[in-house]
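For reference, the chains in residue letters:
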Amino acid sequence: MTNSVHSITTGIAWCLAWGDKRGPQFKLSVQQMRQALNEGKEVPEEVRSLIDEVQKLENLSFPNTLDELKQLTEQHPTLWNARIGLVYGGATKIKQYVFEASKLPDIRGASALLDQINLIDLPAFFGKVYRPELPKFRIYCGEVRRWLDSSINLPDNSPCLSEALIPELIIYSTGGNILAFCPAAFVHDLANAIEKRYTERTLTANSCAVGDTFKLLETRWGLLPNSVAETFWLERYRQEYKNPLVQAYFGNLDKKPNEPCIADPSSLEDAFENRKSFNELTTKLAILFNQRRSGNDFHNRPSRRYPPMFETHPYLKRDGGDRRSSITQATQLPGQPYFSEPSARKRRIGDRAKKGMPMQAEWYPEWQTGVIEGWVDKFEEFLEKNPTQKQKYYGNYPPNEVEIPQSLTHLGNVSKGFVAYIYADGNNMGGFIQKIRTPKEYQEFSEDVSKATEYAVYQALADNLHPRKLSGINDPESTLQNGDIVHPFEILTIGGDDIILIVPASQALAIAKMIGEQFEKILLKEVSLVDVEIKGSYQTKPPEKPIDLSKCHRYSSQEAEASRCQLSTSIGVLITAYNTPIYYAKNLTEQLLKLAKKRAKKLRKVGYCGGTVDFLTMKSVTMISSNIEEFRKQALTKDRGQKLRLYAAPYTFHELGGLIKVVEALKEAEFPRSQLYQIRSLLEHGKHTAILNYRYFRVRLKDGKSGLLKKDFEETWCKAKTNEGNLAPWMYDSGMLDPDDRAYETIWRELVDIYDFIDTSEDSGSTEQQFATQEADS
């Protein structure tokens, strides 16, 4: 053996060499084997046969008959009899824990604490150091492994749990979850340790972890009964594939939508192999995970039915959230707030994520925060590796003088009192995962999506924002003063394919659009980034017939490009005042995301695989009392002989770009603000009334200005379906996505809503760049 092998191969070989007992079969040789595999050297003689079996496992052809499967079990008894552990776990009800508090530092701290556990602590169980080049992370990860060995009670004469775990066992540890192999005897010990780590560090966060043992052959061909003769295999599947129960498990091959986003099985064999693979093992763990999360106990493990309870008393001082009794008062912090133990940990870790490595807080010295790398630290590291974007972002500001905003007041201060919440989530992830057949592909998929998500956010922030100076600050809880420079954004979380950001309202739509577009480009390897390598293939399959882009986009379909990436993102954007309660803003943003995903799902039926955006501009907290979808149906849908929808959201990314162009055209044409509002008020009076008034106001514009609207609005958005005319400000939805929902719709209301939140070159030179440069020079 002269070449190093894949880490997954090393991990499986480690479990096989360790055996199914608590003590390793070959105590010295197993360590030497791991080193030899990683360095591409000869492995010890006594474990060489085991390595050969693992390599044969990877190269075995799929058995097409039950007899072939039986022969394989007889030819490779080690692969049939040896067992390997697989553990899956992570945090649950994450948003409930993160958004329990109302203040930004506490929300930042809650998110950072969960990130610390998922990205640093759990990999450290396996001896994987988060940033091995930094001594502080090496020291901290050593402390985590010592905690692991001391907190899990194992039988006498049993090796420590950390001795049985190595970094190569990890399949993925992103997005708030971990999936990893382990020696069969330690499955439930490791699952208990994962749950205990979350509880001990956070006190109140929910977590769940499950595990099971499997035959080594099952890692290739799914779940197999002990008696091969009882196995439901390909011959029987060919006979019963139309059975409703079989279709529910393997998929309905008779139902084939023309969706290039999903590589549909081309044959019965493909459908069967997609299911009978490593994917079936992860499905079983997901079922166990949901059962345990719901309160079911099994495998003689500690119950998680009873959440942590903190006693309160009517005569005791409570914390800032008025949920639990306080244990300390932070007299060193502005406002001298009171904290319960869970909220104190959030604030401490929030301060650590914000300022790097501060001194231990005197108001809560009992708890050690450990080390963590905040999202702004990662963003600044991204800028260091990309000097062009660093110069574009910072302009004339010294990077070491830029602070992190301490509250929403600071973010609102640099964006005229309005901020935007951006919540993004991946599309078609489940459909893509169903095609993954091996642990290696799972690992590559997880790493690719995590990198694409994270770097898409960094690029969007660096291209659209610049540090800003605070002015007019009068916040008693702030340690930042007027004239201080801050990053004008807050990254609450980037986990797997999930993103939650707070950004200035003026750049929210541009940032959302760029995140979605860059995510796809990074996965398609169209963007080259330092230290970013995409390993998987995410190109869509060629469609059976050309896709009609006019069915996908309502805006200038001639300029649109066909979707080419199987994965995309849907995004919800809420533009609101900075003092809007965070829990309320979160709820509305989640609704917008669901509506965007609903639109994306409909568009997939006509061949569109890209992302979608839904947004809402809320200038009053009482504007919407509950449900956005119901609000639009009841307040913004009219029947005037014809069905009129006074909105057009959600949008594709291409349509969102067109919407921004129309706002720029209105500003360049100097369309009077009063007439914008007047046309909006006339929309509900009927189609003809709105058309007549729009044309009247448009022809009254200054010489040459009306052509801007004709070019960027009427000809691109409002063309008639049956002739060369236009219906401005209306469009006709002929019901291509939903035949029962034909209507006239308009973007005019949304144009008016975002008019004040779109920066144009006329308004600010080079958007924020010119303003930032002026501030830096002043």
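How each quantity is defined
Residues numbered from 1 in each chain as written. Predicted model: local features only at pLDDT ≥ 70, side-chain atom pairs only at ≥ 80, totals over all residues. Heavy atoms only, no water. Helix = DSSP H or I, 4+ residues; strand = E, 2+ residues; numbered from the N terminus. Rg over C-alpha atoms; globule rule 2.2 N^0.38 Å. Buried < 20%, exposed > 50% of the residue type's maximum accessible area, 1.4 Å probe, protein only. Areas by Shrake-Rupley, 256 points an atom, 1.4 Å probe, with all protein chains shown as cover. Lys, Arg positive; Asp, Glu negative; His and termini not counted. Charge placed at Lys NZ, Arg CZ, Asp CG, Glu CD. pLDDT = per-residue confidence, 0-100. Contact = heavy atoms within 4.5 Å. Core = buried A, V, L, I, M, F, W, Y, C linked by side-chain atoms within 4.5 Å. Pairing = 2+ DSSP bridges. Axes fitted to C-alpha atoms, helices over the stretch in contact; angles between N-to-C directions. Salt bridge = Lys/Arg side-chain N within 4 Å of Asp/Glu carboxyl O. Phe/Tyr/Trp six-rings, centres within 6.5 Å; stacked < 30°, edge-to-face > 60°. Lys NZ or Arg CZ within 6 Å of the ring centre and 35° of its normal.

Attention now goes to the overall build of the chain. On a plain count of helices and strands, the chain comes out with 30 helices and 19 strands. Relative to a compact globule of 778 residues, whose C-alpha radius of gyration would be 28 Å, the chain shows 29 Å and is just as compact. Projecting the C-alpha coordinates of the chain onto the three principal axes gives extents of approximately 90 × 70 × 55 Å. Looking at the chain residue by residue over its 778 residues, the buried ones come to 56%. For the chain, the exposed surface amounts to about 33,900 Å²; the carbon and sulfur share of it is 47%. Each charge sign in the chain was given a centre, from 100 positive and 102 negative side chains, and these centres are 4 Å apart.

Bringing the confidence of the model for the chain into the picture now. The predicted model of the chain averages 88 in pLDDT, with 94% of residues at 70 or higher. Note that pLDDT drops below 50 for residues 762-778; the model gives that stretch 31 contacts with residues more than four away or on any other chain.

Before going further, it helps to spend a moment on the nonpolar core. Phe125, Val573 and Trp748 are the most contacted members of the largest nonpolar core, which has 233 residues in total. Not counting residues up to four positions away in its chain, the partners in contact with tryptophan 748 are Leu666, Phe671, Leu676, Ile679, Arg680, Leu683, Tyr694, Phe713 and Pro729. Of all hydrophobic cores here, the second largest spans six residues; its members include Leu549, Ala560, Leu603 and Tyr608.

Right, let's get into the sheet that holds strand β1 (residues 83-92). Taken together, the four strands give an open sheet; going across it, the order is β2-β3-β1-β4, and neighbouring strands pair in antiparallel fashion. Each edge of the open sheet carries a strand with a single partner, namely β2 (170-172) and β4 (206-215). Adjacent strand axes in the sheet meet at a mean angle of 20° when their direction is disregarded. Note: β2 against strand β3 (residues 177-182), two bridges, orientation antiparallel. Within β3, the position partnered with isoleucine 170 by the bridge is alanine 180. Running at roughly 50° to β2, helix α20 (residues 439-464) makes contact with β2 and β3 of the sheet.

Per the stated rule, a full pass over the model turns up 45 salt bridges. The salt bridge partner of glutamate 42 is arginine 48, with a shortest N-O separation of 3.9 Å. Given a relative accessible area of 51%, glutamate 42 falls into the exposed group. Across the pair glutamate 714 and arginine 698 runs a salt bridge whose closest N-O atoms are separated by 2.9 Å.

In terms of burial, β1 is largely enclosed, as nine of its ten residues are buried. Looking at chain direction, β1 and β4 are connected through ten bridges and run antiparallel. Bridge pairing links glycine 90 to cysteine 208 in β4. In this structure, β1 lies alongside β3, joined through six bridges in antiparallel fashion. Residue glycine 85 lies in a different strand from β3, and its bridge partner there is cysteine 182.

Turning to the packing of aromatic side chains, a few remarks are in order. Evaluated as defined, the whole model comprises 38 aromatic pairs. Geometrically, the ring pair formed by tryptophan 14 and tryptophan 18 is tilted, given 5.9 Å between the ring centres and 35° between the ring planes. Of the two residues, tryptophan 14 and tryptophan 18 both sit in helix α1 (residues 7-18), four residues apart, roughly one turn of that helix. Here tryptophan 14 and tryptophan 18 have matching classes, each one buried. When the ring of phenylalanine 278 is compared with that of tyrosine 442, the centres are 5.4 Å apart and the planes differ by 75°; the resulting orientation is edge-to-face. In this pair, phenylalanine 278 sits in helix α14 (residues 278-293) while tyrosine 442 sits in helix α20, placing the two residues 164 residues apart along the sequence. We note that phenylalanine 278, like tyrosine 442, is buried. A connected cluster of aromatic rings, assembled from ring pairs, spans Phe62, Trp221, Phe232, Trp233, Tyr237, Tyr241, Tyr249, Phe250 and Phe272. Geometry around tryptophan 147 places arginine 197 over its ring, the cationic atom sitting 4.7 Å from the centre. The residue whose ring lies beneath lysine 378 is tryptophan 375, and the NZ or CZ to ring-centre distance is 4.0 Å.

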